[in-house]
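The primary structure of each chain is shown beneath.
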Amino acid sequence: MKYGMKYGLSSWASWASWASWARIAGLTVVALLTLGPVIWTVSTSLRAPAESFNLPPQIIPSEPTTEAYSQVFAQIDVWLLALNSTLVTALIAVGQMITAGLAGYAFARLEFRFKKPLFGLVLATMMVPLQVTIVPVFLVLKSMGLTDTLLGLIIPAWPTAFGTFLMRQYFLGMPKDLGEAAMIDGAGPWRIFRSVYAPLAAPGLAIVGVLAFNYHWNEFFRPLILETSTDNFTLPLGLVSLQGNLGTGSVSVVLAGVALSMIPAIAVFAVGQRPLREGITSAGVNR
């Protein structure tokens, strides 16, 4: 009896050990597949242009050099492009946090006519591609004199259907007792939102802000359509000029620019990783 129990526990421990190693191996493979393009980008940016097309390709450059990075700063105004991108993405992220918080709270806690049809209409906008709406958006911005301006990129991006849906679900998971207690004390809807629910929704708002920053930092299509002056270009638009005429530019220089453009997005994700994780975790917990 004792032998069988001991043998059973030993078999279970062995199986658990193998399962743990298999899980680690699987996660390692997935991580390598995910980070592979990033590693290749950084590796190629440190190579001489003639070494970029060597066969078989080498992950580690034989003679690493930072010449491509100096060429990036020589060919484009990196600081101006980065300033434009930072201004646009930061204001979009803050704007989406505000609009998503207000709209999500209204759809979750307030009662008004046509509430459900309006929320369904908001969700329906998520199914419409940007390419379908870019022409009417361009015409509206042109009539307002906002084309070829940074405001033309910022203001239309403030409404967010995904952020509204996310914050609505977040507010629905909060207890109603808090709002009812504040209402008994004489607080109105705005005071209840500002003093009670908004502080509790900070992790959810952080999710909206981080996702908005990372998406719009890499956005290319809207700036390509709405901006014509190089002074108003964002970083993704400026990096295109590194390709040269008919794509004759150096691959190392292009990827060096891409590597530089990844730094702010990685920094924002690293800083916002904890509230992002907490927000996703707490959103699935019934309060």
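Each chain carries its own residue numbering, running from 1 in the direction its sequence is written. Reporting in this predicted model follows two pLDDT cut-offs: at least 70 for local features of residues, and 80 or more for side-chain atom pairs to be given and counted; totals over whole chains, interfaces and linings ignore these cut-offs and use all residues. Here the side-chain values reflect all heavy atoms present in the structure, with hydrogen atoms and water set aside.

## So, the overall build of the protein
For step 1, the next point in the chain: Scanning the protein for helices and strands turns up 13 helices and zero strands.
For step 2, the next point in the chain: Counting helices and strands in the order they occur from the N terminus, the protein gives α-α-α-α-α-α-α-α-α-α-α-α-α.
For step 3, the next point in the chain: Buried residues in the protein amount to 34% of all 287 residues.
For step 4, the next point in the chain: A sequence separation of at least 24 residues applies to 71% of the contacts in the protein between residues at least 6 apart.
For step 5, the next point in the chain: In the structure as shown, the protein presents an accessible area of about 17700 Å², 71% of it carried by carbon and sulfur atoms. Each helix is a run of DSSP H or I of at least 4 residues and each strand a run of E of at least 2, with the numbering of both proceeding from the N terminus. Relative accessibility thresholds used throughout: buried, under 20% of the residue-type maximum; exposed, over 50%; partly exposed, between the two (1.4 Å probe, protein chains only). Whether two residues touch is decided by their heavy atoms; if any such pair falls within 4.5 Å, the residues are in contact. With residues, only the protein chains shown are counted as cover, and all accessible areas are computed by Shrake-Rupley using a 1.4 Å probe.

## Considerations on helix H7 (residues 161-172)
For step 1, the next point in the chain: Given a helix with a known number of residues, its expected span is that number minus one, times 1.5 Å. Here H7 spans 16 Å end to end across 12 residues, near enough to the 16 Å set by a 1.5 Å rise per residue.
For step 2, the next point in the chain: For H7, the complete set of buried residues consists of Ala161, Gly163, Thr164, Leu166, Met167, Tyr170 and Phe171.

## Here we look at the layout of surface pockets
For step 1, the next point in the chain: The computed volume of the largest pocket comes to approximately 900 Å³.
For step 2, the next point in the chain: Together, 28 residues line the largest pocket, and Pro156, Ala157, Pro159, Thr160 and Ala161 are the ones closest to its centre.
For step 3, the next point in the chain: Elements represented by at least two residues in the lining of the largest pocket include exactly helix H3 (78-109), helix H5 (130-143), H7, helix H10 (202-217) and helix H11 (221-226).
For step 4, the next point in the chain: In terms of residue count, the dominant contributor to the lining of the largest pocket is H10 (five residues).
For step 5, the next point in the chain: Looking at the lining of the largest pocket residue by residue, the classes come out as 18 nonpolar, eight polar and two charged.
For step 6, the next point in the chain: Of the grid points, spaced at 1 Å and generated over the protein atoms alone, those admitting a 1.4 Å probe that cannot get out make up cavities, while open sets with protein on both sides within 12 Å along at least five of seven lines make up pockets; any residue with an atom within 4 Å of a point is treated as lining. Grid points are joined across faces, edges and corners, and a volume is the space filled by probe spheres set on the points. A volume near 250 Å³ is recorded for the second largest pocket.
For step 7, the next point in the chain: In terms of lining, the second largest pocket is formed by 16 residues, of which the most central are Tyr105, Arg109, Gly179, Met183 and Tyr197.
For step 8, the next point in the chain: For the lining of the second largest pocket, the elements supplying multiple residues, two or more each, are H3, helix H8 (176-184) and helix H9 (189-200). The classification used treats Ala, Val, Leu, Ile, Met, Phe, Trp, Tyr, Cys and Pro as nonpolar, Asp, Glu, Lys and Arg as charged, and all other residues, Gly among them, as polar.

## Notes on the packing of helix H4 (residues 115-124) against H7
For step 1, the next point in the chain: Comment: axis = line fitted to C-alpha atoms, over the contacting stretch for helices; angle = value between 0 and 180 degrees taken between N-to-C directions. Two elements in contact, H4 and H7, have axes whose closest approach is 8 Å; the angle formed by their N-to-C orientations is 130°. Classified by the interaxial angle, the pair formed by H4 and H7 is oblique. The way H4 lies across H7 gives a crossing that is left-handed. Contact residues: Phe119, Val122 and Leu123 in H4; Ala161, Thr164, Phe165 and Arg168 in H7.
For step 2, the next point in the chain: Residues belonging to the contact of H4 with H7 are distributed by class as follows: five nonpolar, one polar and one charged. An angle counts as roughly parallel when it lies under 35 degrees, as roughly antiparallel when it exceeds 145, as roughly perpendicular when it falls between 65 and 115, and as oblique in every other case. With the far helix as reference, a near helix turned anticlockwise by less than a right angle produces a left-handed crossing, and one turned clockwise produces a right-handed crossing.

## Re the pattern of salt bridges
For step 1, the next point in the chain: The working definition used for a salt bridge is a side-chain nitrogen of Lys or Arg within 4 Å of a carboxyl oxygen of Asp or Glu. On inspection of all chains with the given rule, the structure shows two salt bridges.
For step 2, the next point in the chain: Its salt-bridge partner being Lys115, residue Glu111 comes within 3.6 Å of it at the nearest N-O pair.
For step 3, the next point in the chain: Close ionic contact of Glu219 with Arg222 constitutes a salt bridge, the shortest N to O distance being 2.6 Å.
For step 4, the next point in the chain: Under the relative-accessibility criterion, Glu219 is labelled buried at 9%.
For step 5, the next point in the chain: Look at Arg222 and you get buried, because its relative accessible area is 8%.

## Regarding the confidence of the model for the protein
For step 1, the next point in the chain: Per-residue confidence from the predictor is reported as pLDDT, a score between 0 and 100. Mean pLDDT over the protein: 83, with 85% of residues reaching 70 or higher.
For step 2, the next point in the chain: For the protein, the element scoring lowest by mean pLDDT is helix H1 (residues 2-45), at 74; H3 scores highest, at 93.

## Examining the packing of aromatic side chains
For step 1, the next point in the chain: The criterion for an aromatic pair is that two Phe, Tyr or Trp rings (for Trp, the six-membered ring) have centres within 6.5 Å, with stacked assigned to planes under 30 degrees apart, edge-to-face to planes over 60 apart and tilted to the rest. Applying the stated criterion across every chain yields a total of 10 aromatic pairs.
For step 2, the next point in the chain: With 5.8 Å between their ring centres and 45° between their planes, Phe73 and Trp79 make a pair best called tilted.
For step 3, the next point in the chain: Phe73 sits in the partly exposed class, given a relative accessible area of 36%.
For step 4, the next point in the chain: A centroid spacing of 5.7 Å and a plane angle of 45° characterise the contact between Tyr105 and Tyr197, whose relative ring orientation is tilted. Remark: Tyr197 occurs in helix H9 and Tyr105 occurs in helix H3; sequence separation between them is 92 residues.
For step 5, the next point in the chain: The class for Tyr197 is buried, based on a relative accessible area of 2%.
For step 6, the next point in the chain: These aromatic residues form a ring-pair network of at least three members: Tyr105, Phe171, Trp190, Phe193 and Tyr197.
For step 7, the next point in the chain: Think of it as a cone above the ring: NZ of Lys or CZ of Arg counts as a charge over the ring if it is within 6 Å of the ring centre and within 35 degrees of the ring normal. One Lys or Arg, Arg47, reaches over the ring of Trp40 and ends 4.5 Å from the middle of that ring.
For step 8, the next point in the chain: Its end group placed over the ring of Phe119, Arg168 keeps NZ or CZ at 4.3 Å from the ring centre.

## Side note on unusual backbone geometry
For step 1, the next point in the chain: For Phe114, which is not a glycine, the phi torsion comes out positive at approximately 60°.
For step 2, the next point in the chain: Mapped onto the elements of the fold, Phe114 is located in the loop between H3 and H4.
For step 3, the next point in the chain: Owing to a relative accessible area of 53%, Phe114 belongs among the exposed residues under this scheme.
For step 4, the next point in the chain: Located in the positive-phi region is Asp148, a residue other than glycine, with phi close to 60°.
For step 5, the next point in the chain: Exposure remark for Asp148: the relative accessible area of 19% places this residue in the buried category.

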